[in-house]
Protein chains: 2
Amino acid sequence: MEPTLNPESGFLRFRIDFSYDGTNLSGWAKQPDQRTVQGELEAARYEVELVVAGRTDAGVHATAQVAHFDLPEQDKYGKAWSVQDLVYRLNRMITEEIRVKNITLAPPFFHARFSALRRTYIYKIADGQRQVEPLKRFDIATWYRHLDLSRLNEASSRLLGEHDFATFCKPGGAGTSIRRLEKFHWERTGDANLVATVTADAFCYSMVRNIVGAVVCVGEGRFEPEWISAILANKSRISESYVFPGRGLTLISVEYPSDSELEARAAITIRRRDED
Amino acid sequence: MEPTLNPESGFLRFRIDFSYDGTNLSGWAKQPDQRTVQGELEAARYEVELVVAGRTDAGVHATAQVAHFDLPEQDKYGKAWSVQDLVYRLNRMITEEIRVKNITLAPPFFHARFSALRRTYIYKIADGQRQVEPLKRFDIATWYRHLDLSRLNEASSRLLGEHDFATFCKPGGAGTSIRRLEKFHWERTGDANLVATVTADAFCYSMVRNIVGAVVCVGEGRFEPEWISAILANKSRISESYVFPGRGLTLISVEYPSDSELEARAAITIRRRDED
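Residues numbered from 1 in each chain as written. Chains lettered and ligands numbered in written order. Predicted model: local features only at pLDDT ≥ 70, side-chain atom pairs only at ≥ 80, totals over all residues.

## Describing the pairing of strand β10 (residues 249–255) of chain A
All names here are of chain A.
Okay, so step 1: As paired strands, strand β3 (residues 61–72) and β10 are joined by 2 bridges and run parallel to one another. Looking at the pairing, alanine 62 lines up with leucine 251 of β10.
Okay, so step 2: Both strand β5 (residues 118–127) and β10 contribute to a ladder of 6 bridges, which runs antiparallel. For arginine 119, the partnering residue across the bridge sits in β10 and is valine 254. (Pairing = 2+ DSSP bridges. Helix = DSSP H or I, 4+ residues; strand = E, 2+ residues; numbered from the N terminus.)

Printed below as a string of structure tokens:
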């Protein structure tokens, strides 16, 4: 079935921008008997179904997630929707772990997932038994060994560009694991923690947590940077033991093209059929 | 009974610096069947008793709390204590809501509570239905009306100096409610939230949350700044309904005099006998 790039006749499409603390949520996707971001949002507006830009995993956070949903052109009283009212009511209904920042009428051919140009995540690590302030602990992973910043960046730069990332993608997903990694760069911030910024056109399942785990092996001195190039070329899935936890990962941006290019962008993505 | 300014013969006094996220803790002081900061720390080192600089209330946080405890001169194997080892072991035992940053051998006459010169707290408010990022929500209180920054500061400045703060102190405490308020100033930070910095020689129970609640009445326009001077002079306890929640409050600094002045400072405080 082709994805619908526009709402059905008689419906309007809305874009919703929101944030969440994923610490105690079981990821994005609805699941029976689990608290998930989609589950919490849809329970508050039971008539809607949300399509999201980045289907985050359990424990992962977002400061700038984007989704869309379709509503009948008028509310049940026959009145036009007020987006301010929708934001206010939704935030009153849902847990404070999730905050809706904005709801707007989407332009034609806006599809939160297929129209997106790129996603950016950050990954935070307190390395070398560096202490984490209790109030700031929720989005920082820890690693007991010291990590060398220049080795991390040398290893990370070897993954830039368009590659088949099968080594770092959980198997079983349909379609291609070819992605274009545009940025993967580490810095030490004011509190001396490490923060990686990672941008790609799209990511396959748990890809950021896999590539973080792999470059950490180089950063701590276990492997040389050449190892990254070798496992990328090899395409056989790396050990699960390298995967870093969802806790350190936050989606910070989803970019879309200008309104006139939304349709063309979605067409490209749909041909590949497995973007996220 | 006079407080002991030095440890008993055969004991050493240690200073401990630590932080905590008080969200799910019932304040500092040990209580049966409650998780408290003192309770969690003492349970990990059952032979010690902690004396703290600022006895924070339920929900209140600290990024720079100070306490002291006394230990026999040698450990049970007859060896000298390693403070690095004490920090490491303590952090392994306790909840990640509390982190011990440092333990040092205290100078003579160091008493975490009585030797302190001043305490500084911050209080954070997201006003006017401003949204709070879910990952940053733990130390921010909310207020539905917009608060005027200059009115907040005009009201707050009327409390500066040495006064009897009975209006803002929970009754029942022994001794004086005279305090010297050295700083009480509001700013809007980058995310547009309000942050008050509050410094005094010492605070009586729930005093910061009371004065914040009172100046908010001026900031939102309900009362004029003169009202603050009037209720301060009046000395009759203000309504409980003005008190702001512990959530927004964080202890960020405790200052001590130089080692040679610790004894004199403690003597002054003990004469007043009700500092905190």
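Here the narrative resumes, following the displayed structure.
## What to know about helix α3 (residues 149–157) of chain B
Residues and elements named next belong to chain B.
Okay, so step 1: Listed in full, the buried residues belonging to α3 are Arg151, Leu152, Ala155 and Ser156. Axial view of α3: buried residues confined to an arc of 130°, hence all on one face.
Okay, so step 2: Summarising the contacts, the buried residues of α3 are in contact with β8 (178–188), α4 (207–219) and α5 (225–234). (Buried ≥ 20, exposed ≤ 12 C-beta atoms within 10 Å, placed from the backbone. Arc of directions from axis to C-beta. Contact = placed C-beta atoms within 7 Å.)

## Concerning the interface of chain A and chain B
Okay, so step 1: Every contact between the two is made by 18 residues of chain A and, on the other side, 18 residues of chain B.
Okay, so step 2: Those elements that provide at least two residues to the side of chain A that touches chain B are β1 (11–20), β3 and β4 (98–105) of chain A.
Okay, so step 3: Residue contributions to the side of chain A that touches chain B peak at 3 residues, all from β4(A).
Okay, so step 4: In the side of chain A that touches chain B, the residues fall into 6 nonpolar, 4 polar and 8 charged. (Nonpolar A, V, L, I, M, F, W, Y, C, P; charged D, E, K, R; others polar.)

## What about the domain arrangement of chain A?
Residues and elements named next belong to chain A.
Okay, so step 1: Assigned domains within chain A: domain 1 (11–115) and domain 2 (118–252).
Okay, so step 2: Taken over C-alpha atoms, the centre of domain 1 sits 28 Å from the centre of domain 2.
Okay, so step 3: With 15 residues of domain 1 in contact, the opposing surface of domain 2 contributes 11 residues.
Okay, so step 4: When the residues that make up the side of domain 1 that touches domain 2 are grouped by side-chain class, the tally is 5 nonpolar, 8 polar and 2 charged. (Domains from an automatic or database assignment.)

## Thoughts on the packing of helix α3 (residues 149–157) of chain A against helix α4 (residues 207–219) of chain A
The angle between the axes and the distance between the axes are what describe a pair of packed helices.
Residue and element names in this part refer to chain A.
Okay, so step 1: The geometry of α3 relative to α4 is characterised by a closest axis approach of 8 Å and an angle of 135° between their N-to-C directions. By the criterion of interaxial angle, the relationship of α3 to α4 is oblique. Note on packing geometry: the crossing formed by α3 with α4 is right-handed. Together, Arg151, Leu152, Ala155 and Ser156 of α3 and Val215, Val218 and Gly219 of α4 make up the contact between the two elements.
Okay, so step 2: Here the contact of α3 with α4 is built from residues that sort into 4 nonpolar, 2 polar and 1 charged. (Axes fitted to C-alpha atoms, helices over the stretch in contact; angles between N-to-C directions. Parallel < 35°, antiparallel > 145°, perpendicular 65-115°, else oblique. Left-handed = near helix turned anticlockwise from the far one by under 90°.)

## Structural notes on the relation of the copies chain A and chain B
Okay, so step 1: Mapping chain A onto chain B calls for a screw motion: a turn of 180° about the axis and a shift of 0.0 Å along it, with 0.0 Å RMSD after fitting. Expressed as an axis order, the relation between the two copies is that of a two-fold axis. Measuring from the rotation axis to each C-alpha of chain A, the shortest distance belongs to Lys136(A), at 4.0 Å. (Least-squares fit on C-alpha atoms with pLDDT ≥ 70 in both.)

## Section: unusual backbone geometry
Okay, so step 1: Unusually for a residue other than glycine, Asp33(A) sits at a positive phi of about 60°.
Okay, so step 2: Positionally, Asp33(A) belongs in the loop between β1 and α1 (37–44).
Okay, so step 3: Backbone geometry places Ser206(B), a non-glycine residue, at a positive phi of 60°.
Okay, so step 4: Along the polypeptide, Ser206(B) turns up in the loop between β9 (194–200) and α4.

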